[in-house]
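The primary structure of each chain is shown beneath.
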Amino acid sequence: MAEDPDAGQDLPVLDDGALQTLTDEAGEDAAQKFMEEYLVMLPVRAAKIFKGLTRGDAETTLEAIISLRVSSGMAGAQRLEAYCGSLESALKHGHNPDMTAVKAVLFANIRQVVREASRRGHLPPKSHGSSGP
């Protein structure tokens, strides 16, 4: 089974239920901080996936995909979580995903998550160069 670029297309881009659960369990501040860090880390996690694919390093690639899948699930990014799940499954079954296709689908999903997070007010505030109180 190859990775499915349409995996999860019927799922919401961002489901507030997961973040609400985190808010209920850890508090509003912790949930907001998690979401901000999740959004900031999206390009870093994507870069790790691409680096692993480029080097043919299945272990690094899988680790990065699982990290992105799990954090996406916690953030409620269900489409991205589903896509990462299909990539993970493909790699575990010995398939070598096409880098161009992975980049296109992964970045499209990340753009959707960031756009939806922005619309809902989840983006971190812009820093003004200061690093402390």
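The text that follows walks through the structure, step by step, so that each part is easy to find. Bear in mind the structure is a predicted one, so any value in this text is a computation, not a measurement. (Residues numbered from 1 in each chain as written. Predicted model: local features only at pLDDT ≥ 70, side-chain atom pairs only at ≥ 80, totals over all residues. Heavy atoms only, no water.)

A word on the overall build of the protein. If you tally the helices and strands in the protein, you get five helices and zero strands. Mapped in sequence order, the helices and strands of the protein form the string α-α-α-α-α. For the protein, buried positions account for 38% of its 133 residues. Taking contacts inside the protein between residues at least 6 apart in sequence as the whole, the part at least 24 apart equals 73%. For the protein, the exposed surface amounts to about 7,600 Å²; the carbon and sulfur share of it is 53%. (Helix = DSSP H or I, 4+ residues; strand = E, 2+ residues; numbered from the N terminus. Buried < 20%, exposed > 50% of the residue type's maximum accessible area, 1.4 Å probe, protein only. Contact = heavy atoms within 4.5 Å. Areas by Shrake-Rupley, 256 points an atom, 1.4 Å probe, with all protein chains shown as cover.)

With that out of the way, let us pick up the pattern of salt bridges. Close approach of charged atoms lets side chains of opposite charge pair. Within this structure, the stated rule accounts for six salt bridges. We note a salt bridge from E88 to R69, for which the minimum N-O separation is 2.5 Å. Remark: R69 occurs in helix α3 (residues 58–75) and E88 occurs in helix α4 (residues 78–92); sequence separation between them is 19 residues. One network of salt bridges, with partners in common, ties together D16, E116, R119 and R120. (Salt bridge = Lys/Arg side-chain N within 4 Å of Asp/Glu carboxyl O.)

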